[in-house]
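Architecture and fold: a report
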Amino acid sequence: MEVIGVPWFIAVRHLGPPLFLLAVGGAVLVRRRPARSGLVWAGLLANLAAAALPYAWIGAQALAAQAERTVFGLVMTLLQPGLVVVAWLLVLAALVGPRRSGDDGSGEDGSGTPAVAERAPKT
């Protein structure tokens, strides 16, 4: 990381929490399969990508010899938080979005959720 002018401890401080969130979130997703786990995986990976984006951006600027141009910094200032918002919206959509048509809440899909007992109609 020193090659692009960023000390290692700064990279660890910025990349550590998203990596930890990915590890813990991945463990929870493997243990308890939610109905829309693909959206949660996409959100966790987008969050990690958002954390790594400034370092990739600095590396690309260093390779292109454009590190002193401020317009590139402005683009990153808007792009990185936007990607974080997209990541959390994906997780939110997985939690509150409509259920799939095949998911009736019976618990037979192996998700680990208990089945809801059906009541007999009163006659």
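Along each chain, the written sequence defines residue order, and numbers are assigned to residues from 1. Owing to the predicted nature of the model, reporting of local features is limited to residues with pLDDT of at least 70; listing and counting of side-chain atom pairs is limited to 80 or more, with chain, interface and lining totals taken over all residues. Computation of side-chain values covers all heavy atoms of the structure but excludes hydrogens and water.

1. Let's talk about the overall build of the protein
Helix and strand content of the protein: three helices and zero strands. With 123 residues in all, the protein has 24% of them scored as buried. Considering only residue pairs separated by 6 or more positions, the protein has 63% of its internal contacts joining residues 24 or more positions apart. Summing over all exposed atoms, the protein offers an accessible surface of approximately 8800 Å²; the carbon and sulfur share of this is 69%. Only runs of H or I of at least four residues qualify as helices and only runs of E of at least two qualify as strands under DSSP, and these elements are numbered from the N terminus. Relative accessibility thresholds used throughout: buried, under 20% of the residue-type maximum; exposed, over 50%; partly exposed, between the two (1.4 Å probe, protein chains only). For this analysis, residues touch if any pair of their heavy atoms sits within 4.5 Å. Here, Shrake-Rupley sampling with a 1.4 Å probe gives the accessible areas, and only protein chains in the shown set may cover a residue.

2. Details of the packing of helix H1 (residues 8-31) against helix H2 (residues 37-64)
To obtain an axis, a line is fitted to C-alpha atoms, over the contacting stretch when the element is a helix, and the angle between two such axes runs from 0 to 180 degrees between their N-to-C directions. Where H1 contacts H2, the two axes come as close as 9 Å, and the packing angle between them is 170°. The angle between H1 and H2 places the two elements in the roughly antiparallel class. Between H1, through Ile10, Ala11, His14, Leu15, Pro18, Leu19, Leu21, Leu22, Gly25, Gly26, Leu29 and Val30, and H2, the contact on the second element is made entirely by Ser37, Val40, Trp41, Leu44, Leu45, Asn47, Leu48, Ala51, Ala52 and Tyr55. Each residue receives one of three labels: charged for Asp, Glu, Lys and Arg, nonpolar for Ala, Val, Leu, Ile, Met, Phe, Trp, Tyr, Cys and Pro, and polar for the others, Gly being one of them. When grouped by side-chain class, the residues that make up the contact of H1 with H2 number 17 nonpolar, five polar and no charged. Roughly parallel means an angle under 35 degrees; roughly antiparallel means over 145; roughly perpendicular covers 65 to 115; every other angle is labelled oblique.

3. Focus: the confidence of the model for the protein
Predicted coordinates in areas of low pLDDT are best not read in detail. Per residue, pLDDT measures the predictor's confidence, with a range of 0 to 100. For the protein, the mean per-residue pLDDT works out to 78, and 71% of the residues sit at or above 70. Model confidence for the protein, summarised as mean pLDDT per element, is weakest for helix H3 (residues 70-96) at 83 and strongest for H1 at 88.

4. Regarding the nonpolar core
Residues Leu22, Leu29, Val40, Leu44, Leu48 and Ala94 constitute the largest nonpolar core, which totals six residues. Those elements that place two or more of their residues in this core are H1 and H2. A total of three residues in this core trace back to one element, the largest contributor, which is H2. Not counting residues up to four positions away in its chain, the partners in contact with Leu44 are Leu21, Leu22, Gly25, Gly26 and Leu29. Take the buried Ala, Val, Leu, Ile, Met, Phe, Trp, Tyr and Cys residues and link them wherever side-chain atoms come within 4.5 Å; each set so joined is a nonpolar core.

5. Some thoughts on a nonpolar patch on the surface
Residues qualify for a patch when their relative accessible area is over 30% and they have no salt bridge, like charges being joined within 9 Å and the nonpolar side chains of Val, Leu, Ile, Met, Phe, Trp and Tyr within 5 Å. Any Lys or Arg side-chain nitrogen located within 4 Å of an Asp or Glu carboxyl oxygen qualifies as a salt bridge. On the surface, Val85, Leu89, Leu92, Leu95 and Val96 cluster together into a nonpolar patch covering about 510 Å² of accessible area. Inspection of the secondary structure puts Leu89 in helix H3.

6. Overview of H1
Expected span of a helix: the number of residues minus one, times 1.5 Å. The first and last C-alpha atoms of H1 sit 33 Å apart over 24 residues, in line with the 34 Å expected at 1.5 Å per residue. Two axes enter the bend calculation: one fitted to the seven residues ending at the residue in question, the other to the seven starting there, and the bend is the angle between them. At Leu15, H1 shows its maximal kink, close to 35°; a proline, Pro17, follows between one and four residues later. Buried residues belonging to H1 abut H2.

7. Considering the side chain of Ser37
One can find Ser37 in helix H2. Here a polar contact is recorded for every N or O atom pair within 3.5 Å, except that within protein the pair must consist of a potential hydrogen donor and a potential acceptor, and residues adjacent in sequence are included only if both atoms are side-chain atoms. Looking at Ser37, its side chain comes within polar contact range of the side chain of Arg33, at 3.1 Å.

8. Focus: the environment of Gly25
The residue Gly25 is located in helix H1 in this model. Residue classification places Gly25 among the buried residues on the basis of a relative accessible area of 17%.

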